[in-house]
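# Examining the three-dimensional arrangement
For reference, the chains in residue letters:
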2 protein chains.
Amino acid sequence: MIYVVGTGSGKIDGMTSEAFEILKSCDVIVGYKKYVDLVKDYFPDKVFITNGMRQELERCEQALKFAKEHNKTVALISSGDSGVYGMAGLMLEVAKDSNQEIKIIPGVTAANSAASILGAPLMNDYVVISLSDLMTDWEIIDKRLKAACEGDFVICIYNPASNHRPLNFKKACETLLKYKSPKTNCGYVRNIGRDGEEFEIMTLEKIKDCEKIDMLCTVIIGNSQSYVYDGKMITARGYDLGKNIQS
Amino acid sequence: MIYVVGTGSGKIDGMTSEAFEILKSCDVIVGYKKYVDLVKDYFPDKVFITNGMRQELERCEQALKFAKEHNKTVALISSGDSGVYGMAGLMLEVAKDSNQEIKIIPGVTAANSAASILGAPLMNDYVVISLSDLMTDWEIIDKRLKAACEGDFVICIYNPASNHRPLNFKKACETLLKYKSPKTNCGYVRNIGRDGEEFEIMTLEKIKDCEKIDMLCTVIIGNSQSYVYDGKMITARGYDLGKNIQS
């Protein structure tokens with residue numbers, strides 16, 4: 001059996017009980033080294049199979065091998081939700097025609113954990129977009145950013161920048177600024193649920209040049225109804241609270 | 001102290017450990033009756049304050065009263081994630097100027113739990129849209145559906161239909177069909193994590209007239225890369241697995 005498990009945002013108590021129990025009862029835990037390091041102290045008796053970034057395919061093949069050839073119960077882990085830019089899809093694809101039973105165990109994805117730290121920015125319709133152009137052409141990403149503006153969605157950005165693509169976030173903000181007010185409220189959270197967690201709320205024109213934005217960040221760009229009150233980013237849902245409530 | 005807690009999809013082990021510990025240690029649990037019923041057996045010694053649908057404002061006022069006037073630790077609960085169409089935003093708005101400390105505790109939202117049941121449909125960029133036009137005009141919802149098509153996003157639909165709005169889902173599908181192939185792969189999950197959980201995968205032209213779609217459903221509409229294999233809905237992320245993998 002292979003479970004593809006989302007371990008939630010960094011900290012161990014951000015995992016669901018279902019995910020925790022599976023990691024406790026499985027034989028083998030497979031994952032990207034950095035994510036396995038976040039959980040391994042809690043499951044000391046497991047066999048751990050880890051590798052590096054961009055070795056997702058090999059990870060799935062290892063999971064399949066342990067489940068199929070050695071008849072082990074395997075947990076293949078992703079941080080956040082395994083179904084959002086995680087291992088779920090690739091595992092299903094790699095296991096095609098293998099008759100291997102696979103179960104996807106969801107977790108709290110970064111859009112939702114970041115939102116909880118910033119306030120309540122996802123109270124209305126939102127999009128989730130990755131700025132990684134390793135597997136999606138930039139033209140498609142750019143088209144999606146434009147469509148997200150046209151729909152006045154709140155926009156959650158994953159993988160905003162990395163060493164390989166340092167300018168993607170700035171480029172994305174330039175596209176957003178063609179359609180959205182430079183005063184649009186935005187926020188980022190860095191190292192969600194981990195040591196060094198930090199966040200900041202600012203305007204779109206400021207976040208464009210914010211040097212903190214890197215691959216450890218999740219960014220949320222407000223819609224036209226998002227506002228900031230007392231250090232919290234809130235997207236109004238539309239309750240009638242009287243005119244004096246919304247500043 | 002007020003915690004606004006997302007309890008995840010229906011079943012108790014879909015809750016994060018953090019959420020569970022807060023419900024265990026708080027004094028008062030406030031929530032919509034149906035959601036409180038899902039958790040109350042696990043926390044028998046609590047004071048429960050429940051009310052009906054559309055009484056969200058009163059729920060927040062009760063939470064604030066117990067925290068502020070009676071100095072209690074209050075957990076205000078939402079199913080799924082409290083920050084997605086949940087109680088987080090309204091609670092922050094109601095508590096303005098009260099100096100009340102409020103902490104948002106995220107949970108697994110229905111987009112992610114539904115996706116895990118259908119397969120891996122959210123492996124690429126997606127939008128979350130509610131079809132409830134109680135607080136958002138239909139013109140805005142319709143504009144967002146159109147924008148979601150233009151960006152070729154996977155589309156997660158919350159509140160697809162209800163007794164008050166039986167035709168919204170059909171209307172939404174008619175908009176989607178102007179832009180998307182009638183053969184687009186889609187799925188719904190009904191009663192996620194609860195008794196009577198069921199799901200089905202079908203095409204967009206079929207789901208438009210599917211009589212199962214009601215307020216207990218979450219619907220996921222694929223993008224142009226979503227396909228179905230062995231009963232699972234998968235959105236390709238773009239890994240190079242060789243041409244023979246993707247059917």
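Presented here is a report on the structure given in the accompanying data block. (Residues numbered from 1 in each chain as written. Chains lettered and ligands numbered in written order. Predicted model: local features only at pLDDT ≥ 70, side-chain atom pairs only at ≥ 80, totals over all residues. Heavy atoms only, no water.)

## Remarks on the overall build of chain A
Where we set the bar: Only DSSP runs of H or I covering at least 4 residues are called helices, and only runs of E covering at least 2 are called strands; the numbering of each starts at the N terminus. The globule rule used here is 2.2 Å times the number of residues to the 0.38 power, and the radius of gyration it is set against is calculated over C-alpha atoms. Summary of the burial criterion: residues with accessible area below 20% of their type's maximum are buried, those above 50% are exposed, and those between are partly exposed, where the area comes from a 1.4 Å probe applied to protein chains only. It only takes one pair of heavy atoms within 4.5 Å for two residues to be counted as in contact. Each accessible area value is a Shrake-Rupley result obtained with a 1.4 Å probe; residue values ignore everything except the protein chains displayed when judging cover. Under the counting rule used here, the positive set is Lys and Arg, the negative set is Asp and Glu, and His together with the chain ends is not counted. Charge placement uses NZ in Lys and CZ in Arg. For Asp and Glu, CG and CD serve respectively.
For chain A, the helix and strand inventory stands at eight helices and 13 strands. Expected size for 247 residues packed as a compact globule is a radius of gyration near 18 Å; at 19 Å, chain A falls within 12% of this value. Principal axes of the C-alpha set define a box for chain A whose edges measure 60 × 40 × 30 Å. When burial is assessed residue by residue, chain A has 60% of its 247 residues classed as buried. Taking contacts inside chain A between residues at least 6 apart in sequence as the whole, the part at least 24 apart equals 68%. About 10,000 Å² of surface is accessible on chain A, with carbon and sulfur atoms providing 46% of the total. One finds the centroid of the 30 positive side-chain charges in chain A at a distance of 2 Å from the centroid of its 33 negative side-chain charges.

## Some points on the nonpolar core
Applied cut-off: Definition used in this section: a nonpolar core is a set of buried Ala, Val, Leu, Ile, Met, Phe, Trp, Tyr and Cys residues joined via side-chain atoms within 4.5 Å.
The biggest cluster of nonpolar side chains holds 54 residues, and the ones touching the most others in it are A:I207 and B:I207. Not counting residues up to four positions away in its chain, the partners in contact with B:I207 are B:F169, B:C173, B:C186, B:G187, B:Y188, B:M202, B:I213 and B:V219.

## Description of the relation of the copies chain A and chain B
Defined as follows: Copies are brought into register by a least-squares superposition over C-alpha atoms of residues with pLDDT of at least 70 in both.
For the pair chain A and chain B, the best superposition has an RMSD of 0.0 Å and corresponds to a rotation of 180° with a translation of 0.0 Å parallel to the axis. With respect to symmetry, the two chain copies, as superposed, fit the operation of a two-fold axis. Both copies present the same face, since 98% of the interface residues in chain A are matched by interface residues at the equivalent positions in chain B.

## Observations concerning the interface of chain A and chain B
For clarity, the cut-off: By convention, the term buried area covers the 1.4 Å-probe accessible surface removed from two parts as they join, with the contributions of both added. We define a salt bridge as a contact between a side-chain nitrogen of Lys or Arg and a carboxyl oxygen of Asp or Glu at a distance within 4 Å. We call two N or O atoms a polar contact when they sit within 3.5 Å, provided that within protein one can donate a hydrogen and the other can accept it, with sequence-adjacent residues counted only if both atoms are side-chain atoms. Basically, the charged four are Asp, Glu, Lys and Arg, the nonpolar ten are Ala, Val, Leu, Ile, Met, Phe, Trp, Tyr, Cys and Pro, and anything else, Gly included, counts as polar. A strand pair is defined by DSSP finding two or more bridges across the two strands.
In this complex, chain A contributes 66 residues to the contact, which on the side of chain B involves 65 residues. The largest per-residue losses of area from chain A upon contact with chain B belong to A:M135, A:R144 and A:Y239, which jointly make up 12% of the total buried on that side. Residue A:R144 pairs with B:D125 through a salt bridge whose shortest N-O separation is 2.8 Å. Taken together, the links from chain A to chain B amount to 28 residue pairs in polar contact (both at pLDDT 80 or more). Looking at the side of chain A that touches chain B residue by residue, the classes come out as 29 nonpolar, 21 polar and 16 charged. In this sheet, strand β7 (residues 126–130) of chain B lies alongside strand β7 (residues 126–130) of chain A in antiparallel orientation, the contact comprising three bridges. By the bridge assignment for β7(B), A:V127 is matched with B:V127.

## Considering the pairing of strand β11 (residues 217–221) of chain B
Strand residues, when the strand is regular, have side chains that alternate between the two faces of the sheet. Residues and elements named next belong to chain B. Within β11, five of the five residues are buried, which leaves the element mostly enclosed by the surrounding structure. Alternating residues of β11 divide into C217, V219 and I221 and T218 and I220, and every residue in both groups is buried. Where strand β8 (residues 154–158) lies against β11, three bridges are found, and the strand directions are antiparallel. Considered in β11, the bridge of I155 is made with I221. Examined bridge by bridge, strand β9 (residues 185–190) and β11 share five bridges and lie antiparallel to one another. Following the sheet pairing, C186 is matched in β11 by I221.

## Some details on empty space enclosed by the protein
A water-sized probe rolled over the atoms picks out the places where empty space is left. Residues and elements named next belong to chain A. What counts here: Buriedness for pockets is judged along seven lines, at least five of which must meet protein on both sides within 12 Å for an open set on the 1 Å grid over protein atoms alone, while cavities are sets there where a 1.4 Å probe fits but cannot get out, and lining residues have an atom within 4 Å of a point. Grid points are joined across faces, edges and corners, and a volume is the space filled by probe spheres set on the points.
On inspection of all chains with the given rule, the structure shows one cavity of 30 Å³ or more. Taken as a whole, the largest cavity holds about 60 Å³ of empty space. Lining the largest cavity, in full, are T7, G8, S9, G10, K11, I12, M15, Y35, L38, V39, S79 and R194. For the lining of the largest cavity, a count of residues per class yields five nonpolar, five polar and two charged.

## Here's the deal with the sheet that holds strand β10 (residues 198–203) of chain B
Heads up, the condition is: As a rule, the C-alpha atoms of each element are fitted with a line to give its axis, helices using only the stretch in contact, and angles between N-to-C directions run from 0 to 180 degrees.
Judged by pairing direction, the sheet is mixed, and its 10 strands sit side by side in the order β10(A)-β9(A)-β11(A)-β8(A)-β7(A)-β7(B)-β8(B)-β11(B)-β9(B)-β10(B) without closing on themselves. Here the strands that pair on one side only, and so sit at the sheet edges, are β10 (198–203) of chain A together with β10 of chain B. Geometrically, the sheet is characterised by an average inter-axis angle of 15° between neighbouring strands, direction not taken into account.

## What about the sheet that holds strand β13 (residues 232–235) of chain A?
All names here are of chain A. Overall, mixed pairing links the three strands, which are arranged β6-β13-β12 in an open sheet. Pairing within the sheet leaves two strands with one partner each, and these edge strands are β6 (119–120) and β12 (226–229). Two elements, β12 and β13, share four bridges in a ladder whose sense is antiparallel. Residue pairing across strands places Y227 opposite I234, the latter belonging to β13.

## Concerning the environment of A:C149
Residues and elements named next belong to chain A. Along the chain, C149 falls in helix α6 (residues 138–150). Judged by relative accessible area, which is 11%, C149 ranks as buried. Residues C149 and D133, spaced 16 residues apart in sequence, show a C-alpha to C-alpha distance of 20 Å. Once residues within four sequence positions are removed from consideration, C149 is found in contact with L176, Y179 and K180.

## A closer look at the packing of helix α6 (residues 138–150) of chain B against helix α7 (residues 168–179) of chain B
All names here are of chain B. We apply this condition: When the near helix sits turned anticlockwise from the far one by under a right angle, the crossing is termed left-handed; a clockwise turn instead gives a right-handed crossing.
For the pair α6 and α7, the least separation of the axes is 9 Å and the interaxial angle reads 35°. Where α6 crosses over α7, the handedness of that crossing is right-handed. Between α6, through W138, D142, L145, K146 and C149, and α7, the contact on the second element is made entirely by N168, K171, A172, T175, L176 and Y179. Counted by class, the contact of α6 with α7 contains six nonpolar, two polar and three charged residues.

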